[in-house]
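Working through the structure, step by step
Listed below are the residues making up each chain.
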Amino acid sequence: MNRDSKLASPYLKSFPDEKGYFGTFGGSFVPEAVAIAMQEINDAYNLIAQNGDFIAELRKIRKHFQGRPTPVFFAHNLSKECGGAGIYLKREDLNHTGAHKLNHCMGEALLAKYMGKTKLIAETGAGQHGVALATAAAYFGLECEIYMGEVDIAKEKPNVLRMQILGARVVPVNIGAKTLKEAVDKAFEAYLKDTKNSMYAIGSVVGPHPFPKMVRDFQAIVGIEAREQFVEMTGELPDVVCACVGGGSNAMGIFSAFIEDCVELVAVEPLGKGSALGHHAASLNFGQEGIMHGFNSIMLKDESGEPAAVHSIASGLDYPSVGPEHAYLHSIGRTKIAAIDDKEAIAAFFALSRKEGIIPALESSHALAYALKIAPELKGKKILLNLSGRGDKDIDFVSEHYGYGN
Ligand SMILES: *Cc1c(COP(=O)(O)O)cnc(C)c1O
């Protein structure tokens, strides 16, 4: 949290500014009622995040409930096969529930508890955020209401069941396209009816201020651990750090510890089926500046200027915008961007499964595919990537469409 020495670094202390801006990106573009609720969360966060009890409780949760620290692992077989750079994985797949999302969900839920809230509200697309939040709600004894489009409910049955088993109420949304966008609208509507008792929990470094900052701060533990572990293992810093970017929370988590170091940071976006609009979700690669979901960033727009339809084989990456901090860091040249298509991600998925005995999430497979692509040219260098989650959730889809990797 804010007391950790890394978060006291000059960059992290000054970005975002008090209005939530990273340069021109970020901010809060929401109706008055939402603005009041966001201000309340912001004020509470600034106060509570400095509180010794809050910090101690969060540390205890990370250690005893989530199983942190997660290890950094040297992928010896894959590195050898590439014949170039050494490839190291930060194992967020070993975080409780199998992905990094629980890091910010536990933080948000703990904040809700300290604020005296009794209910957590959110939307979910593929259900990953819903499951992580339902887990946090169960831990803290909070009510949990997850809005989900009917199309997504039909597609993501196991995650719907998980949320229900964890005690969350999954509310089907049957308006419009019945997917994520409509679920966001309905979840906000429900939240605005009861901002006094409920907390809206955003699932990435997106949305109005203070969420991009708060979620980054909660995810920063990934980078703090990884940096220390990497230095302990190798005696030096990595040359390249990469991560997949949907909204950008796992990437900001690991990047945040290296921003002031001489380390190349690469945001890897999903190129899906190709570069035509609608075939990918590579917002930083192909997008333009614009406002959606309450913040100014780089987004993919359709002809009418609305958020474009997007595609990625990894449902956690198909978002038509990106966290404002990523837009900023790329605009000043601090981060590099790359794009990996569905096929390359699938190849990486099988490579890690077969060569190291780790089945990665399809999202994380994008970061891995990038590492595998550049490694042969980087002899003697070291690449650290954030393995954001495990791939158990993806095995039915992958085996149905791609067999078993033979
Ligand atoms: C949701 C998810 C992502 C994408 O979200 P970010 O906010 O970009 O990190 C990546 N990996 C996994 C495993 C996910 O569940």
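Just above, that's the structure.
For the structure given in this document, a descriptive report is provided here. (Residues numbered from 1 in each chain as written. Predicted model: local features only at pLDDT ≥ 70, side-chain atom pairs only at ≥ 80, totals over all residues. Heavy atoms only, no water.)

Time to look at the pairing of strand β9 (residues 240-244). Counting buried positions along β9 gives five out of five residues, so the element sits mostly inside the fold. For β9 and strand β10 (residues 264-272), the ladder comprises five bridges, and the chain directions are parallel. Within β10, the residue paired with Cys242 across the bridge is Val266. Where β9 lies against strand β14 (residues 382-387), three bridges are found, and the strand directions are parallel. By the bridge assignment, Val240 is partnered in β14 with Ile383. (Buried < 20%, exposed > 50% of the residue type's maximum accessible area, 1.4 Å probe, protein only. Helix = DSSP H or I, 4+ residues; strand = E, 2+ residues; numbered from the N terminus. Pairing = 2+ DSSP bridges.)

Turning our attention to the environment of Val160. Relative to the assigned elements, Val160 resides in helix α8 (residues 157-165). Using a relative accessible area of 7% as the deciding quantity, one classes Val160 as buried. Along the backbone, Val160 and Gly130 are 30 residues apart, and their C-alpha atoms lie at a distance of 8.4 Å. The residues contacting Val160, other than those within four sequence positions of it, are Met148, Ile153 and Val170. (Contact = heavy atoms within 4.5 Å.)

Here Tyr200 lies in strand β8 (residues 198-200). By relative accessible area, Tyr200 is classed as buried at 1%. In sequence terms Tyr200 and Phe230 are 30 residues apart; their C-alpha atoms lie 35 Å from each other. Residue contacts for Tyr200: discarding those within four places in its chain leaves Ile121, Glu123, Val184, Ala187, Phe188, Tyr191 and Phe211.

Attention now moves to the site of the ligand. Around the ligand, a shell composed of 17 residues is seen, among which Lys101, Ser204, Gly248, Ser249 and Ser388 lie nearest. One of the side-chain nitrogen or oxygen atoms of His100 is found 3.0 Å away from an oxygen atom of the ligand. Within the side chain of Asn250, one N or O atom sits 2.8 Å away from an oxygen atom of the ligand. The residue inventory of the shell around the ligand, partitioned by class, reads four nonpolar, eleven polar and two charged. (Near = heavy atom within 4 Å. Polar contact = N/O pair within 3.5 Å; in protein donor to acceptor, adjacent residues only side chain to side chain. Nonpolar A, V, L, I, M, F, W, Y, C, P; charged D, E, K, R; others polar.)

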